[in-house]
Amino acid sequence: MLKKIRSHSLFIAMIVLVLMLSACSGDDASSGSSGGDGDKIELTFWNIWTEPSPQNEASLKQVEKFNDEHPNIVIKQQSIPHDQFKVKVKTQAAGKQLPDLIQVFPGAELKPLVDGKLVQPIDDILSNWDDLIKEGQLGDYRVEGKQYALPANITPTSLVYYDKDMLKEAGYDEFPQTYDEFKKLVKTLKSNDTIPIALGNKAQWVLQSSYISTIGDRMTGSDFLPAVLNGDKKFTNEKFIKAVNVIKELSDMKAFNEDFNSIDNIQHRDLFAMGDAAMMIDGAWSLGPLLESVPDKNIGIALFPEIEGGEGDRRYGS
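Cut-offs and rules
Residues numbered from 1 in each chain as written. Predicted model: local features only at pLDDT ≥ 70, side-chain atom pairs only at ≥ 80, totals over all residues. Heavy atoms only, no water. Helix = DSSP H or I, 4+ residues; strand = E, 2+ residues; numbered from the N terminus. Buried < 20%, exposed > 50% of the residue type's maximum accessible area, 1.4 Å probe, protein only. Contact = heavy atoms within 4.5 Å. Areas by Shrake-Rupley, 256 points an atom, 1.4 Å probe, with all protein chains shown as cover. Phe/Tyr/Trp six-rings, centres within 6.5 Å; stacked < 30°, edge-to-face > 60°. Lys NZ or Arg CZ within 6 Å of the ring centre and 35° of its normal. Expected span 1.5 Å × (residues − 1). Arc of directions from axis to C-beta.

**Q** Please explain the overall build of the protein as it appears in this structure.
**A** Counting its secondary structure elements, the protein contains 11 helices and 10 strands. Going through the 318 residues of the protein one by one, you find that 46% of them count as buried. A separation of at least 24 residues holds for 75% of the contacts in the protein among residues at least 6 apart in sequence. Surface summary for the protein: the accessible area is close to 16500 Å², and the carbon and sulfur share equals 49%.

Printed below as a string of structure tokens:
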């Protein structure tokens with residue numbers, strides 16, 4: 001769960017250097033190759049920078065800058081859509097056939113790569129980032145006390161995008177501030193034969209990343225997940241169960257499109273962009289593609305409403 005809504009650009013060129021040192025190692029792993037003259041090193045880099053978001057464009061430019069500044073190193077990029085990327089990484093990791101450089105995700109998705117000895121720790125060069133990255137932002141890329149990667153940026157994952165015109169037609173000039181008011185909006189939109197919230201959970205990460213991460217934080221507070229990982233609390237906690245029940249309640253209200261487990265997050269974005277749905281809950285990564293595909297759409301962005309009885313701050317956990 002992110003503790004604040006913010007985005008820090010942290011020199012992607014540095015991240016590339018980290019990835020070079022974190023790349024697959026050993027005889028079974030793929031490795032960079034030298035050119036025929038022995039002067040150039042060619043490295044393959046997989047990432048998910050396929051869409052026209054500011055973060056992706058900045059990252060791609062930094063890799064180009066790195067190539068320009070290091071003529072003896074050639075980084076060949078392969079940008080793969082998010083969901084396909086995750087499947088491909090798991091498949092290739094099983095056969096120890098990962099590329100030289102790879103974008104990694106924190107926590108539970110990084111650990112299997114570490115356990116499989118597919119990445120190397122970077123503790124010996126971590127001091128290069130002193131005063132640039134706060135300690136609290138490093139923990140998700142640390143496994144058993146060793147640092148394996150650094151965050152390139154921190155992005156809000158749980159923003160509510162809404163069509164201002166559609167909400168106004170439903171009688172709402174402002175986005176609801178409480179969950180009870182939000183449910184009334186959902187019922188009103190549903191009665192008008194409008195999909196209240198577009199959802200594409202085919203890859204199964206959207207509900208976890210864009211919903212539970214923030215709704216759970218609303219109910220339990222930001223200290224809950226670290227306490228679970230430390231063994232001090234459990235997911236059977238009453239307030240966490242209530243957070244999960246929020247998803248069930250919205251589903252029971254038919255707040256989502258009926259095929260939400262059959263479409264992905266790109267398709268749910270299309271539902272919202274085309275005006276078939278009044279809202280969608282997604283990360284900041286969707287803002288760029290939305291503005292490019294429907295520049296004239298009157299879009300508002302809000303935080304998930306405050307839930308009564310929750311211990312979390314509405315400004316956090318998004």
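Next comes the rest of the write-up.
**Q** Explain the packing of aromatic side chains to me, please; I cannot follow it from the model alone.
**A** Here the distance between the centres and the angle between the planes together describe a pair of aromatic rings. According to the stated counting rule, one finds 12 aromatic pairs in the structure shown. Between Tyr 211 and Phe 256 the ring centres are 5.9 Å apart and the planes differ by 80°, which places this aromatic pair in the edge-to-face class. Of this pair, Tyr 211 sits in helix α7 (residues 206–220) while Phe 256 sits in the loop between α9 (238–252) and α10 (265–273), placing them 45 residues apart in sequence. For the pair Tyr 211 and Phe 256, a shared accessibility class is recorded, and that class is buried. Within the aromatic cluster, the residues linked to one another by ring pairs are Tyr 162, Phe 175, Tyr 179, Phe 182 and Phe 304. It is Lys 86 that lies over the ring of Phe 105; its NZ or CZ is 4.7 Å from the centre.

**Q** Quick question: what am I supposed to make of helix α2 (residues 54–69) here?
**A** An α-helix turns once per 3.6 residues; consequently, residues spaced three or four apart project the same way. When the terminal C-alpha atoms of α2 are compared, their 22 Å separation across 16 residues agrees well with the 22 Å that a helix rising 1.5 Å per residue should span. The set of residues buried in α2 consists of Gln 55, Asn 56, Ser 59, Val 63 and Phe 66. Seen along its axis, α2 keeps its buried residues to an arc of 100°; they face one direction. Projecting away from the buried face of α2 at angles above 90 degrees are the exposed residues Pro 54, Lys 61, Asp 68 and Glu 69.

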